[in-house]
Amino acid sequence: MDYLLLIIGPLLAGAVVTLKVFFITLVLSLPLGLMLAMVRVSHYRVASGVVNGYIWLMRGTPLMLQMLFIYFALPFVPVIGIRLPDFPAAIVAFVLNYAAYFAEIFRGGIQSIDRGQYEAAKVLGLSYGQTMRRIVLPQVIKRILPPISNETITLVKDTSLIYVLAMNDLLRTARGLVQRDFTTSPFLVAAVFYLVMTLVLTVIFQRMEKRYAVYDD
């Protein structure tokens, strides 16, 4: 018990780094994903094709590789040549990656709405923006909550990948304690931290699903 009390402090500090990456990624990637989805389903073929290529690239390569590229290779790219510190590099990689996944989820939700609703809104004199905001998106949110929930929970676990940039997140801190003290207890405590975080997210999304259940087809 005394040992657990000693390691709680460092693990909490690591959990703070994990949560920072998680929340910043979520706050930035969700709206970016929605904007990408809107372009993806638009009638502008060039823009839609560019977004489709971007999504293919982000989903077709490992997140760790993208993170390493942004941190190590981006400074040597002609014209760009930007060197980012470890935390911003991780955030950029996570946001760009998860925005692609969220974009596909939003796209599927938008395209699942019956075309008749768009036509009815047009007859009522609603603009495209008003139609999306008042009619389509409330229904889309209800339909995409389960896959969004899955991706969000995956994001919590994927934050452990930032160890490749030598950032002291929850998992890297736990591994350091294990190597120092020759005991697996820090891994068990770290697992509890991850389980608590995913449990909180599960409860939040379950409540959101109940709230948006009023938008029945």
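Reading guide: rules and limits
Residues numbered from 1 in each chain as written. Predicted model: local features only at pLDDT ≥ 70, side-chain atom pairs only at ≥ 80, totals over all residues. Heavy atoms only, no water. Helix = DSSP H or I, 4+ residues; strand = E, 2+ residues; numbered from the N terminus. Buried < 20%, exposed > 50% of the residue type's maximum accessible area, 1.4 Å probe, protein only. Contact = heavy atoms within 4.5 Å. Areas by Shrake-Rupley, 256 points an atom, 1.4 Å probe, with all protein chains shown as cover. Lys, Arg positive; Asp, Glu negative; His and termini not counted. Charge placed at Lys NZ, Arg CZ, Asp CG, Glu CD. Salt bridge = Lys/Arg side-chain N within 4 Å of Asp/Glu carboxyl O. Expected span 1.5 Å × (residues − 1). Polar contact = N/O pair within 3.5 Å; in protein donor to acceptor, adjacent residues only side chain to side chain. Arc of directions from axis to C-beta. Axes fitted to C-alpha atoms, helices over the stretch in contact; angles between N-to-C directions. Parallel < 35°, antiparallel > 145°, perpendicular 65-115°, else oblique. Left-handed = near helix turned anticlockwise from the far one by under 90°. Nonpolar A, V, L, I, M, F, W, Y, C, P; charged D, E, K, R; others polar.

As a further point, take the overall build of the protein. For the protein, the count of helices and strands is 8 helices and 0 strands. Along the first, second and third principal axes, the C-alpha set of the protein runs to 70 × 50 × 20 Å. Looking at the 217 residues of the protein, the share that counts as buried comes to 37%. By sequence separation, contacts in the protein at least 24 residues apart represent 75% of the contacts at least 6 residues apart. Accessible area for the protein stands at about 12,400 Å²; split by element, carbon and sulfur atoms hold 68% of it. A gap of 6 Å separates the mean positions of the 19 positive and 12 negative side-chain charges of the protein.

What follows covers the pattern of salt bridges. For the structure shown, the criterion picks out 3 salt bridges. Residue R107 pairs with E104 through a salt bridge whose shortest N-O separation is 3.0 Å. Residue R107 and its partner E104 are both found in helix 4 (residues 86–111); the two are separated by 3 residues, about one turn of the helix. Note that D181 and R180 form a salt bridge whose closest N and O atoms lie 2.8 Å from each other. Of the residues examined, D181 reaches a relative accessible area of 25% and is grouped as partly exposed.

What follows is about helix 8 (residues 185–211). With 27 residues, helix 8 extends 40 Å between its outermost C-alpha atoms, agreeing within 8% with the 39 Å of an ideal straight helix rising 1.5 Å per residue. Of the positions making up helix 8, those classed as buried are P186, V189, A190, F193, Y194, M197, T198, L201 and F205.

On to the side chain of E104. Assessed through its relative accessible area of 17%, E104 is described here as buried. A polar atom in the side chain of E104 sits 3.5 Å from the side chain of R59. Contacts of E104, omitting those with residues within four sequence positions, involve R40, I55 and R59.

With that settled, the discussion passes to helix 3 (residues 63–73). Residue pairs spaced three or four apart in an α-helix point in one direction, given the helix's 3.6 residues per turn. Along helix 3, the residues classified as buried are L63, Q66, M67 and I70. With its buried residues spanning 100° around the axis, helix 3 presents them on a single face.

Right, let's get into unusual backbone geometry. Although it is not a glycine, A166 adopts a positive phi angle of roughly 60°. Within the secondary structure layout, A166 lies in the loop between helix 6 (128–158) and helix 7 (170–181). The phi angle at F182 is positive, at roughly 55°, despite the residue not being glycine. Assignment of secondary structure puts F182 in the loop between helix 7 and helix 8.

To continue, consider the packing of helix 7 against helix 8. Relative to each other, helix 7 and helix 8 sit at 165°, their axes nearing to 8 Å. Taken together, the axes of helix 7 and helix 8 lie roughly antiparallel to each other. Note on packing geometry: the crossing formed by helix 7 with helix 8 is right-handed. Between helix 7 and helix 8, the residues in contact are L170, L171, A174, R175, L177 and V178 and P186, F187, A190, F193, Y194 and M197, respectively. Of the residues contributing to the contact of helix 7 with helix 8, the split by class is 11 nonpolar, no polar and 1 charged.

Another aspect to go through is the environment of Y118. Along the chain, Y118 turns up in helix 5 (residues 115–123). On a C-alpha basis, the gap between Y118 and T131 in space is 6.9 Å, while along the polypeptide they are 13 residues apart. Setting aside anything within four residues of it in sequence, one finds Y118 in contact with I110, I113, T131, M132 and V136.

That is the geometry; function is a separate question.
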